[in-house]
Structure formats: structure tokens, C-alpha cells
Amino acid sequence: QVQLVESGGGLVQAGGSLRLSCVVSGRTFSTYTMGWFRQAPGKEREFVAAIYSTGGRTYADSVAGRFTVSRDNAKNTVYLQMNSLKPDDTAVYYCAAVRLRSTTSGAEYDYWGQGTQVIVSS
């Protein structure tokens, strides 16, 4: 059973930064595509960023240039560095994992964390 545990959320002022972390159990972390998604109140879940087993990355247009996704395979951890935060970034952020598939579609991810709340005040 693969488990994902996010941390690093919190309250920050607009223009500030946060770094989210997601630790994944298991011994095959390096083979996973790791995705970050978010869901704001009253809105559908949306894709934020993904990092593939090759190290390649994809970002949503809304966060490109402000957010950076990275991974440390030795620590089974994926990170989301969020800079220049805006109130529109307020949401619950989820990390997710899927093996051997490069995708940004949430429906294709097999494992999900519990989420961490990010609130950006204006």
C-alpha cells in the first residue's frame, strides 16, 4: 500500500512563499510520476504541476514561472516551491502518484495524499 503524506501548508500574505512536501512510502518512488493538484472552495480539482520519473516537468499556465516542482528520490519526497503567491492560489493542495505513466490528468493517478491547506491573504 502506497501512502502519501503532505506537509508545509499554512497562511501567507500575497507575494509570499511556501514550500510543500509530500513523502511517499514504498521502494519504487523513482518510477512514479508525481503530481500536485489543488481544489479551492466551490471549485473542481485542478492540475498544478507534475514531475516525471525522467525529471521532466509540466506546469499549469496559472502557476508557470511562480511554482517549481522537484523531487528527491533518495528521500521519497516531492516538493512544490510556491513563490509570488496570490489569493487565487488559496486551496487544499494534494500530491498524487502514478507509476510508469506521464500524465497531468487527475483521473489517471492511483494514489493521493490527504491534502494540505494553503491560504493566501490579500
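Anything mentioned here points back to the structure above.
Residues numbered from 1 in each chain as written. Predicted model: local features only at pLDDT ≥ 70, side-chain atom pairs only at ≥ 80, totals over all residues. Heavy atoms only, no water.

1. A closer look at the pattern of salt bridges
The cut-off we apply is this: Any carboxyl oxygen of Asp or Glu that lies within 4 Å of a side-chain nitrogen of Lys or Arg is treated as forming a salt bridge with it. A run of DSSP states H or I qualifies as a helix once it reaches four residues; a run of E qualifies as a strand once it reaches two. Both are numbered from the N-terminal end. Each residue gets one of three labels from its accessible area relative to the maximum for its type: buried under 20%, exposed over 50%, partly exposed in between, using a 1.4 Å probe on protein chains only.
Going through the model one piece at a time under the given rule, you end up with four salt bridges. Across the pair D89 and R38 runs a salt bridge whose closest N-O atoms are separated by 2.9 Å. With a gap of 51 residues between them, D89 in the loop between β8 (77-82) and β9 (91-99) and R38 in strand β4 (residues 32-39) connect regions that are remote in the sequence. Accessibility assignment for this pair places D89 and R38 in one class, buried. Note that E108 and R101 form a salt bridge whose closest N and O atoms lie 3.5 Å from each other. Judged by its relative accessible area of 31%, E108 falls in the partly exposed class. Since its relative accessible area comes to 39%, R101 is described here as partly exposed. Linked through salt bridges whose partners overlap, the residues forming this network are R38, E46, R66 and D89.

2. Side note on the side chain of R71
To be explicit about the condition: In this tally, Asp and Glu contribute negative charge and Lys and Arg positive charge; neither His nor the terminal groups of the chain are included. Throughout this description, a polar contact denotes any pair of N or O atoms lying within 3.5 Å of each other; where both atoms belong to protein, one of them has to be capable of donating a hydrogen while the other can accept it, and for residues adjacent in sequence the pair is counted only when both atoms sit in side chains. The criterion used for residue contact is that any of the two residues' heavy atoms lie within 4.5 Å.
Of note, R71 is situated in strand β7 (residues 67-72). Of the buried charged residues, R71 lacks a salt bridge, with D72 as the closest side chain of opposite charge at 8.5 Å. Within the structure, R71 has its side chain in polar contact with the backbone oxygen of F29 (distance 2.8 Å). Here the side chain of R71 touches N73 through a polar contact of 3.0 Å, side chain to side chain. For R71, the contacting residues outside a window of four places in its chain are F29, S30, Y32, M34, I51, Y52, S53, T77 and V78.

3. Remarks on the packing of aromatic side chains
Aromatic ring pairs are described here by two measures, namely the spacing of the ring centres and the angle between the planes. To be explicit about the condition: The aromatic pairing rule takes the rings of Phe, Tyr and Trp, using the six-membered ring of Trp, and pairs them if the centres are within 6.5 Å, calling planes under 30 degrees apart stacked, those over 60 edge-to-face and the rest tilted. As a reminder, the over-ring test applies to NZ of lysine and CZ of arginine, requiring each to be within 6 Å of the ring centre and within 35 degrees of the ring normal.
Evaluated as defined, the whole model comprises five aromatic pairs. Taken together, the ring pairs in this structure connect F37, F47, Y109 and W112 into an aromatic cluster. The residue whose ring lies beneath R45 is F37, and the NZ or CZ to ring-centre distance is 5.8 Å. When the ring centre of F29 is taken as origin, the NZ or CZ atom of R71, which lies over that ring, is 4.6 Å away.

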